[in-house]
Structures are given as structure tokens and as C-alpha cells.
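Chain and residue survey
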Amino acid sequence: MIKHEELIIIGGGPAGLSAAKSALEADLNVLLIERYVRLGGQLIKQTHKFFGSKNQKAKMRGFNIATLLIDGLKDAPGHLTVLTEATVVGMYDERIVTVWHDATYKKYQADAIIVATGASEKFLAFENNDLPGIYGAGGVQTLMNLNGVLPGTDIIMVGSGNIGLIVAYQLMQAGARVTSVLEAAPRIGGYAVHASKLRRLGVSIKTRTTIKRAIGENKVEACEIVSLDDQWNIIEGTEETINTDAICIAVGLSPMHQLLSMAGAKTSYISELGGLVPCVDENNQTSIDGVFVSGDASGIEEASSAMVEGRFTGLIAAKKLGHVTKGFDKDINECRDQLFNLRRGPCGLKIREGIRKLREVNDHA
Amino acid sequence: MLKRTGVPDRSQIKDAFPDESYLIKPKAIIECFEAIPCNPCETSCPVGAITIGADINKIPVIDHAICTGCGQCVHNCPGLAVHIVSIKEDKALFRIPYEMPDVPKQGDIWDGIGRDGKTVCEATITAVTQKEGFDKTTILNVETDKTYLYDFITVRRP
Ligand SMILES: Cc1cc2nc3c(=O)[nH]c(=O)nc-3n(C[C@H](O)[C@H](O)[C@H](O)COP(=O)(O)OP(=O)(O)OC[C@H]3O[C@@H](n4cnc5c(N)ncnc54)[C@H](O)[C@@H]3O)c2cc1C
Ligand code: SF4
Ligand code: SF4
């Protein structure tokens, strides 16, 4: 039996929660589906204070932002149903989804769907990268911040983007020793303030350096690192062996486009947005009528922008279903202004370029 | 080079400080040298001493003549990029944000650490403040010899 819903939101991270809020405020009935036991997405693992401006809850710690967003759903006029530990495993024509929940498959058909599934981690190819003791940054955060377990005591972080820098800092706070952060590029990828925080703690950051192989019998015992030249080629003879009992990989994220691809939404490979992304119009609608996307699933960015995009997409979806809110135009403009403001600086260059390319692909179609 | 090592250059640090004559009173030193989308320092300052402006990607600019050294911007900065500094006779007095679980006690003498993580001096902890409003960031008052005004940035258990 297929159950009918007005709006289905897939994913309960900052984008999904913010979309739910604006859709509920427009008096829609919303089914929010989250595969984890709790709502909040990436936010629940973030113990640091967030950047951004007041509109995006800057200076609050990530997990507290999650609580704020979840609490914000309580008094809205629309009706909200939340399924947790429920994974959307399939998405088909006519906005039909299959959900694995309570040990059964359930089918829903919706008037509109917002996909807010976030991102998955990229991994890195090197010799012995399947040895126990090698983790993705997300896995380390789950172990450490949700389960209270340290992955090791002497850790190498690979990748100096914000995630690598922040997780390295969290590992130090949790009592592990991060010996080095490796970065293949000539410059640190993440914010300088995050890098400076780590340096004060005695963590070295090695640019133009990468991991060549992991060494160990049954688990990681050491790793061999090596310097890179301007063309990213290994400089022979610069190999160095460092003892370590855990290696953490933080080399980037890719949008989770799989459900959309399955449903036949048009996608395009745009490296600035993290890989394969759904082709969306300026309303975040995919090539399938009534199917929207927001947050990291539409291009890797930040929680700050995911919240604004979520709010925006919720309003647009509501309008599509005939629920135009009172301040609609003003709210939409506010969202656009906030996104513009978040992205207008040098840190937003990549995302601006990615969005430009995406629009180009759309125009050609 | 900041973006290669994570450590600001000496000249960047010096530029973040006002003339030493200002430091007879506590002043905020902001070491935020990169245009990132962030502005809690500006919005938390009760006297409007910090300016970023409508484009939140701009680098914060502080007017040390206005800054009262109240410390609001210190715990509100997510980048731990602000500390309060003053000079009293031959001592440099600091108020720093601290987020490690191993918190010193008032009166302890810990290692004074530089921006590259190396020990630079002795640091006497003169106060330890933890408040609801600080949202789990501890504020430490620290005293070092004045010589280390531009070198000291944090403390570590010896
Ligand atoms: C270490 C780290 C530090 C960060 N620091 C900052 C920061 O300081 N400031 C900032 O603004 N951003 C930061 N971010 C980025 C921010 O967390 C993400 O950009 C943001 O969470 C993206 O929001 P989202 O809602 O799109 O996705 P997510 O938060 O990833 O949420 C997606 C949700 O969808 C669920 N889901 C996925 N697939 C399915 C499915 N098939 N069925 C059901 N549910 C599904 C997932 O379980 C998840 O809960 C950080 C990220 C990390 C990893
Ligand atoms: S110390 Fe107080 S007055 Fe000075 S800049 Fe910071 S918040 Fe403003
Ligand atoms: S709050 Fe801190 S990190 Fe953010 S702009 Fe101000 S000084 Fe920089």
C-alpha cells in the first residue's frame, strides 16, 4: 500500500530541519525521514563554535544549533511526522519513495520531495589503506563525540580543510595526540584561525606532503609520508616514516546524489561542488517536477548555507503546493541576500564558480 | 607564512597590536587575517570597537582607542583569534580563551606557549573563569614577563 504525503523531506540535518520549519510555517503536512537515531545531521557531532553571522546562529556550538533547530519545529502550525532510524532506499517516478523502517519496507507518494541527504566522505588511494586503524574523519567524529571512544593515541590527519583541522583539534581535546596534519596542496585548505589553534597545541602542519603507504601487520603501526613538488609529483628520497596507531582521512566530501540519480534526475559533474550534483534551477528544483534539493546534497558547503537553503527550499516547495506564506517575497529575498553574503568573499569563490557552471549546464540543456 | 604553516608572521602579529602606550589599559588583540564569512566579534562588542560591515567576509578592524578590554569578543570568537593584553610595569597581562579539558588552577605556573606551539616563557595563572555565558570556553588570566608580549599565546601544563 502506498501512503500519500504532502511534503516529504529526506534527511534531518540543518538543511532538512530548516526546510521543515518553513514548510510547517506555511501550514504544510510534513514527513521528515532520517536514517540515524537522532535528528541534526552533521551538527550533532560538532562540538566547536560555528562561524557565520547571527542569522546562521554563529558562535553557537554545532550540537546546540541542532537542538535549537529541532525545538524550532514544535510550535509551527503545520503537522509534522518524524521517522528516525528510517532510510530512504529508493526513489522513483511520481515522487514515490521506499523507506526501510522498523524492519519493513514502506512506500510513500508525495506531492513534493526535498532531498537533504547531505554528503559522503571521499577516500584516498594509498598502499594498505584497508588496514584497521584507518578512518574517515566522519567515522572518527562518531566514535569520539557520540560513543566516547578514541581511535588511537598518536594520530596522523590527512587533509587540512576545515574538517581535517577541526577533527584534529577535537582529537587533541579528547586527549589523543595528533602528530601531524598532512596537506598535498602548497597551502592549508581550511581557515587560518583553525590552523593557528592547532599549531599552538604543538601539532605540525605539513603542506606539499602526502601519505605514501600505511605500515603494519594487522593494524596501522606507522606510515610513510613523502613531499610533493609543484606538479603534485612525489619527490623521491623525501620519504619519512612516522609511528602512528591511527590515520584519519579528511580529503573532502561528495554530495549524496544517489536517490536523485535513481529517480532519473539530471546530474552533472562539477568538481567545485564536490562531484556529481543534481542540476537544479534557481529555485533548487531538480529536473523532476516537485523534487527539490538543498544543503550539502546539492553541493558541498557549510551548515550556515545549508540552513538558509533549507529555509528557502521549504518556502518554495510550500508555494508550489499552493501554500504561499504572507511574507513570501520578503522571506525569499532575505534568503537570497544571506546566501549572497555568505558566498561573496574569497572562501565562497569555489561555490560561486560551481553554481555558475551548473547554470551553464542548465542553459545548454 | 600563515597559509603554509598556520603561524602568522611577526609583522602580522605586530600589526594586530596597538602602540604599547595604549596597553596601560587592557585591549583586544585580533589575529584574524583571512577573509572568512564570520562576524560574532563585531556583533558582540558593546561599544562598537570592531568593524566588519555588511560584507561579513571582510577582515575585522578594531579601534583600540574605543576598546574597553571588556572581553566579550574573546569568548564569542569561534576562531579563538582574540585575546586581551595589557602591560603593568615589567609584566604582560593576558586574558586568553582556553578549550582544553586540562584546566589550570589559579596560582599555577604553567609553560607559556608561542604561536608555533613551542615553550617560550613561564606563565602564572592569575584567574580562571568559567561562566554559563562563555559556553564552555574557559577564560584564563595569565601573567608573563613583559618581554613575551608578542610571543605568548597560550599555556600548557609543564
Ligand atoms: C568536522 C566538521 C566541521 C564542520 N564545521 C562547520 C562549521 O564550523 N560551520 C559550518 O557552517 N559548517 C560546518 N560543517 C559543515 C556542515 O556540518 C555541513 O555543511 C552541514 O551539516 C550540511 O547540512 P545538510 O543538512 O545538507 O547535511 P547533513 O548535516 O549531512 O545531514 C544529512 C542528513 O540526511 C540523513 N540521510 C542521508 N541519506 C539518507 C537517506 N537515504 N534516508 C534518510 N536519511 C538520510 C543523514 O543521516 C543526515 O542526518 C562541518 C562539517 C564537519 C564534518
Ligand atoms: S574587548 Fe570588549 S570593547 Fe574591546 S573589542 Fe572586545 S568586545 Fe569590544
Ligand atoms: S569572530 Fe573571530 S574568527 Fe570571526 S571574524 Fe571575528 S575575529 Fe575572526
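On a predicted model such as this, the values are computed, not experimentally measured, just so you know.

What to know about the nonpolar core
Counting residues in each nonpolar core, the largest one holds 45 residues, and the members touching the most others are Met 157, Leu 171 and Val 181 of chain A together with Val 142 and Val 155 of chain B. Top element by residues in this core is helix α4 (residues 162-173) of chain A. It accounts for 6 residues. Contacts of Val 142 of chain B, omitting those with residues within four sequence positions, involve Ala 92, Leu 93, Phe 94, Ile 96, Ala 123, Thr 124, Ile 125, Thr 126, Phe 152 and Val 155 of chain B. Among the nonpolar cores identified, the runner-up in size contains 37 residues, and Leu 43, Ile 65 and Phe 328 of chain A together with Ile 56 of chain B belong to it.

Looking at the pairing of strand β12 (residues 209-215) of chain A
Residues and elements named next belong to chain A. Direction of pairing for β12 relative to strand β13 (residues 222-227): antiparallel, over a ladder of 6 bridges. When the sheet's bridge partners are listed, Ile 211 is paired in β13 with Ile 225. Between β12 and the antiparallel strand that follows it, β13, lie 6 residues.

Overview of α4 of chain A
All names here are of chain A. Between its first and last C-alpha, α4 extends 16 Å over 12 residues, near the 16 Å set by a 1.5 Å rise per residue. Where burial is concerned, most of α4 is hidden: 11 out of the 12 residues are buried. Turning to α4, its buried residues number three or more, namely Asn 162, Gly 164, Leu 165, Ile 166, Val 167, Ala 168, Tyr 169, Gln 170, Leu 171, Met 172 and Gln 173. Taken together, the buried residues of α4 touch α3 (137-146), β9 (154-158), β10 (177-182), α5 (192-200), β11 (204-206) and β15 (246-249). Looking at the residues trailing α4, positive phi occurs at Gly 175, about 105°.

Things to note about helix α7 (residues 303-320) of chain A
All names here are of chain A. The terminal C-alpha atoms of α7 lie 25 Å apart, and with 18 residues this matches the ideal 26 Å at 1.5 Å per residue to within 8%. Within α7, 15 of the 18 residues are buried, which leaves it mostly tucked inside the rest of the structure. Of the residues trailing α7, Gly 322 is marked for its positive phi of about 85°.

Points about the interface of chain B and chain A
On the side of chain A, 37 residues touch chain B, which itself brings 44 residues to the contact. When chain B packs against chain A, close to 3300 Å² is buried across both sides, 52% of that on carbon and sulfur atoms. Of all residues in chain B, Lys 3, Pro 78 and Met 100 of chain B bury the most surface against chain A, accounting for 18% of the area lost on that side. Here chain B is connected to chain A by 3 salt bridges.

Digging into a nonpolar patch on the surface
Residues and elements named next belong to chain A. Judged by side-chain polarity, Val 89, Trp 100 and Tyr 105 come together as a nonpolar surface patch covering roughly 320 Å² of accessible area. For Trp 100, the position within the fold is in strand β5 (residues 96-101). A residue is classified by how much of its surface remains accessible, and Trp 100, at 36% relative accessible area, is partly exposed.

Describing the environment of Leu 73 of chain A
All names here are of chain A. In this structure, Leu 73 sits in the loop between α2 (62-71) and β3 (79-83). On the basis of relative accessibility, which here comes to 7%, the residue Leu 73 falls in the buried class. Counting along the chain gives 48 residues from Leu 73 to Glu 25, while the straight-line C-alpha distance between them is 8.9 Å. Setting aside its immediate chain neighbours within four residues, Leu 73 contacts Leu 17, Ala 20, Lys 21, Leu 24 and Leu 80.

Considerations on the packing of aromatic side chains
In total, this model carries 4 aromatic pairs over all chains according to the counting rule given. Ring centres of Phe 51 of chain A and Tyr 191 of chain A lie 5.2 Å apart, and the angle between their planes is 75°; this geometry places the pair in the edge-to-face category. Of this pair, Phe 51 of chain A sits in the loop between β2 (29-33) and α2 while Tyr 191 of chain A sits in the loop between β10 and α5, and the two are 140 residues apart along the sequence. According to the relative accessible area criterion, Phe 51 of chain A is buried, its value standing at 12%. Its relative accessible area of 8% is what places Tyr 191 of chain A among the buried residues. Between the aromatic rings of Phe 17 of chain B and Tyr 150 of chain B, the centroid separation amounts to 4.6 Å while the plane-to-plane angle is 65°, which identifies the pairing as edge-to-face. Of the two residues, Phe 17 of chain B is situated in the loop between α2 (10-16) and β1 (27-30) and Tyr 150 of chain B in the loop between β8 (138-145) and β9 (154-156); the sequence distance between them amounts to 133 residues. Here the basic side chain of Lys 197 of chain A rests over the ring of Tyr 169 of chain A, its NZ or CZ set 4.3 Å away from the ring centre. Its guanidinium or amino end placed over the ring of Tyr 150 of chain B, Lys 14 of chain B lies 4.7 Å from that ring's centre, counting from NZ or CZ.

Observations regarding the site of ligand 2
Around ligand 2, 14 residues are found, and the nearest of them are Cys 45, Cys 67, Cys 70, Gly 71 and Cys 73 of chain B. Residues that form the shell around ligand 2 fall into these classes: 10 nonpolar, 4 polar and no charged.

Digging into the site of ligand 1
Residues and elements named next belong to chain A. Taken together, 33 residues lie near ligand 1, and Ala 15, Glu 34, Gln 42, His 48 and Asp 296 sit nearest. Within the side chain of Glu 34, a nitrogen or oxygen atom sits 2.6 Å from an oxygen atom of ligand 1. Contact distances for ligand 1 include 3.0 Å between a nitrogen atom and a backbone N or O atom of Val 88. Within the complex, the protein chains bury 94% of what would otherwise be the 990 Å² of accessible surface of ligand 1. Split by residue class, the shell around ligand 1 holds 15 nonpolar, 13 polar and 5 charged. Here the shell around ligand 1 gathers at least three residues from each of two domains, domain 1 (2-120 + 253-364) and domain 2 (123-249).

The rules behind the values
- Residues numbered from 1 in each chain as written.
- Chains lettered and ligands numbered in written order.
- Predicted model: local features only at pLDDT ≥ 70, side-chain atom pairs only at ≥ 80, totals over all residues.
- Heavy atoms only, no water.
- Core = buried A, V, L, I, M, F, W, Y, C linked by side-chain atoms within 4.5 Å.
- Buried < 20%, exposed > 50% of the residue type's maximum accessible area, 1.4 Å probe, protein only.
- Helix = DSSP H or I, 4+ residues; strand = E, 2+ residues; numbered from the N terminus.
- Contact = heavy atoms within 4.5 Å.
- Pairing = 2+ DSSP bridges.
- Expected span 1.5 Å × (residues − 1).
- Buried area = accessible area lost by both parts, 1.4 Å probe.
- Salt bridge = Lys/Arg side-chain N within 4 Å of Asp/Glu carboxyl O.
- Patch = residues over 30% accessible without salt bridge, like charges linked within 9 Å, V, L, I, M, F, W, Y side chains within 5 Å.
- Areas by Shrake-Rupley, 256 points an atom, 1.4 Å probe, with all protein chains shown as cover.
- Phe/Tyr/Trp six-rings, centres within 6.5 Å; stacked < 30°, edge-to-face > 60°.
- Lys NZ or Arg CZ within 6 Å of the ring centre and 35° of its normal.
- Near = heavy atom within 4 Å.
- Nonpolar A, V, L, I, M, F, W, Y, C, P; charged D, E, K, R; others polar.
- Polar contact = N/O pair within 3.5 Å; in protein donor to acceptor, adjacent residues only side chain to side chain.
- Domains from an automatic or database assignment.

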